[in-house]
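# Inside the fold
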Amino acid sequence: MKNDLKEVKEYYYEMYYNEEIANRIKEGVYQQIHCKRRSSIGKKFVYVCSAVVAAFALFIGLAFLSPAVAKVAAKVPFLNMIFESKPISVVIAETLTEEGYPFDGVGTQYTHKKVFSVGLRGSKEYIDKVRPDVKKLVKELLLARDFDAYEVKVYSSEGKVTEPTPEEIKADQKFEKVVGIVNGVLKKYGYTEGVPIGFQAVNQTVDFSLPNTEPKIEEIKQQVQSQLDAKNLGFFTLKVNVYNAKKKERERRWSPIISTIAEGTFGAKKYKVTEVGYTNKSAEYMTIMLKTSVSSSDSDYQDVVDDIKDTIQEFLTSKKTREIIKDDAYKVIITSKDKKETVITSK
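Here's a quick rundown of the structure. (Residues numbered from 1 in each chain as written. Predicted model: local features only at pLDDT ≥ 70, side-chain atom pairs only at ≥ 80, totals over all residues. Heavy atoms only, no water.)

### Some thoughts on the overall build of the chain
Tallying secondary structure elements over the chain gives 12 helices and 11 strands in all. A total of 347 residues make up the chain; the buried ones form 45% of that total. Considering only contacts in the chain between residues 6 or more positions apart, those separated by 24 or more positions represent 69%. Approximately 19,100 Å² of the chain is accessible, and the part contributed by carbon and sulfur atoms is 50%. (Helix = DSSP H or I, 4+ residues; strand = E, 2+ residues; numbered from the N terminus. Buried < 20%, exposed > 50% of the residue type's maximum accessible area, 1.4 Å probe, protein only. Contact = heavy atoms within 4.5 Å. Areas by Shrake-Rupley, 256 points an atom, 1.4 Å probe, with all protein chains shown as cover.)

So this is what it looks like as structure tokens:
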């Protein structure tokens, strides 16, 4: 598989890639990322707005349109090809930028149907004019990865951005000061990488997470409060969420694996997957959960479940994946619309 991927990559660089395009992408890509200031450990639905840590930066989306590359790519398992590629949202964002379409964001949503949305900036006349071309472009990029489950929606993002109120601006400024103080203290204790910090201005609460291997949690809290007092920011309730360091490290390694499973099974119509999630609570194994729209009484139920099982097992037992998840045990639960469960476990 490694040689196959190398061949795809070399073909892409020869046929599609050049320095001018690279520079345009670097300078022009604008993505609007909506994220919360706090996150939780445990069950998380990861597909919508997922971020895949790609092993290679291959622009497979366009390369797949070539029959020559398709022949090579056919040798590579479906999820492995996704794993070795950029997330489809990034590919679409880069392509829209390259084509000169001013967009505010791309993303997926699911209510009663799966929709890939693109928000464009510009007048109504402009958006009405380019909508057919943008929809066609996005649809082609999705289908190049066999993501045939989506409808494509192109909408105007004009007027959707509201100016922050004076109170919100003040709260944001205070939040930045608090974050600076907390990060400054944490760096003294060896936490050089960013630690997620939560801040609630209403009840003056600050929370952050530390591993259960940290012996000086109370001391750290006292240091933070002391510096908050020194800056006249007032008294805060400090909450430290203690997490299991081994589980956290496992979750970090599994993140790109789960995102790949989510992107692939959610995007391809044949899998009929409506939700993908995971839980890292068990000390013994990682659990991945997939919900489907098929019922156990449907005539195609077994075929759908078998397709999901085969695709996931092929990916999880591949050499590249095993290098990342190591000897971690795992459980994959596939749940039908009528709650029937099919379970895959590691050997």
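### Focus: the packing of aromatic side chains
Counted according to the given criterion, the structure contains nine aromatic pairs. A ring pair is formed by Tyr150 and Phe266, whose centres lie 6.2 Å apart and whose planes are at 45 degrees; its orientation type is tilted. With Tyr150 in the loop between α7 (124-144) and β4 (151-156) and Phe266 in helix α10 (residues 245-267), the pair connects residues that are 116 residues apart, well separated along the chain. A relative accessible area of 1% places Tyr150 in the buried class. Ring pairs connect the aromatic residues Tyr110, Phe116, Tyr150 and Phe266, which therefore count as one cluster. Directly above the aromatic system of Tyr243 lies the positively charged group of Lys248, at a separation of 5.6 Å from the ring centroid. (Phe/Tyr/Trp six-rings, centres within 6.5 Å; stacked < 30°, edge-to-face > 60°. Lys NZ or Arg CZ within 6 Å of the ring centre and 35° of its normal.)

### Here's the deal with helix α8 (residues 166-188)
The end-to-end C-alpha distance of α8, which contains 23 residues, comes to 34 Å, matching closely the 33 Å that a straight helix rising 1.5 Å per residue would cover. Turning to α8, its buried residues are Phe175, Val178, Val179, Ile181, Val182, Val185 and Leu186. For α8, the elements touching its buried residues are β5 (197-200), β6 (205-211) and α9 (217-230). Two residues or fewer past α8, Gly190 is found with a positive phi of approximately 95 degrees. (Expected span 1.5 Å × (residues − 1).)

### Looking at the nonpolar core
Ranked by internal contacts, the top residues of the largest apolar core, which has 52 residues, are Val118 and Leu290. Once you skip the residues sitting within four places of it in the chain, Val118 turns out to touch Leu96, Phe103, Gly105, Val106, Val134, Val138, Lys153, Val154 and Tyr155. Formed by 22 residues, the second largest nonpolar core is a distinct cluster that contains Val182, Val195, Ile197 and Phe208. (Core = buried A, V, L, I, M, F, W, Y, C linked by side-chain atoms within 4.5 Å.)

### Describing α10
Residues separated by three or four positions in an α-helix point in the same direction, a consequence of the helix having 3.6 residues per turn. With 23 residues, α10 should cover 33 Å at 1.5 Å per step; its first-to-last C-alpha distance of 33 Å lies within 8% of that length. By the largest-angle criterion, Trp254 marks the main kink of α10, which is about 40 degrees, and a proline, Pro256, follows within four residues. Capping of α10 at its N-terminal end is provided by Asn244; its side-chain oxygen lies 3.0 Å from the backbone amide nitrogen of Lys246. (Bend = angle between axes of the 7 residues up to and from the residue. Polar contact = N/O pair within 3.5 Å; in protein donor to acceptor, adjacent residues only side chain to side chain.)

### Notes on the sheet that holds strand β2 (residues 103-110)
Here three strands make up an open sheet; going across it, the order is β2-β3-β4 and the pairing mixed. Lying at the two open borders of the sheet, with one neighbouring strand each, are β2 and β4. Within the sheet, the average angular offset between the axes of one strand and its neighbour, ignoring direction, is 20 degrees. Sheet topology places strand β3 (residues 114-120) next to β4; six bridges connect them, and they run parallel. Bridge pairing links Ser117 to Lys153 in β4. (Pairing = 2+ DSSP bridges. Axes fitted to C-alpha atoms, helices over the stretch in contact; angles between N-to-C directions.)

### Things to note about the packing of helix α6 (residues 88-98) against α7
Two elements in contact, α6 and α7, have axes separated by 10 Å at closest approach and are oriented at 145 degrees. Here α6 runs over α7; the crossing is right-handed. Listed contacts from α7 to Ile88, Val91, Ile92, Thr95 and Leu96 of α6 are Val134, Leu137, Val138, Leu141 and Leu142. Of the residues assigned to the contact of α6 with α7, the class counts are nine nonpolar, one polar and no charged. (Left-handed = near helix turned anticlockwise from the far one by under 90°. Nonpolar A, V, L, I, M, F, W, Y, C, P; charged D, E, K, R; others polar.)

### Focus on the sheet that holds β5
Judged by pairing direction, the sheet is mixed, and its three strands sit side by side in the order β5-β6-β7 without closing on themselves. Only two strands of the sheet have a single partner each, and these edge strands are β5 and β7 (237-243). Strand after strand, the sheet turns through a mean of 20 degrees between neighbouring axes, direction not considered. For β6 and β7, the ladder comprises seven bridges, and the chain directions are parallel. Residue pairing in the sheet places Leu210 in a bridge with Val242 of β7.

### Things to note about the pattern of salt bridges
Throughout the structure, instances matching the rule amount to 14 salt bridges. Between Glu263 and Arg145 there is a salt bridge, and its shortest N-O distance comes to 3.3 Å. Of this pair, Glu263 sits in helix α10 while Arg145 sits in the loop between α7 and β4, and the two are 118 residues apart along the sequence. The pair Glu263 / Arg145 is uniform in exposure class, with both members buried. Asp300 is the partner of Lys272 in a salt bridge, and the nearest nitrogen-oxygen pair spans 2.5 Å. Here Asp300 lies in the loop between β9 (285-292) and α11 (301-316) and Lys272 lies in the loop between α10 and β8 (273-279), a separation of 28 residues in the sequence. A relative accessible area of 23% means that Asp300 is categorised as partly exposed. One network of salt bridges, in which partners are shared, links Glu249, Arg252, Arg253 and Asp328. (Salt bridge = Lys/Arg side-chain N within 4 Å of Asp/Glu carboxyl O.)

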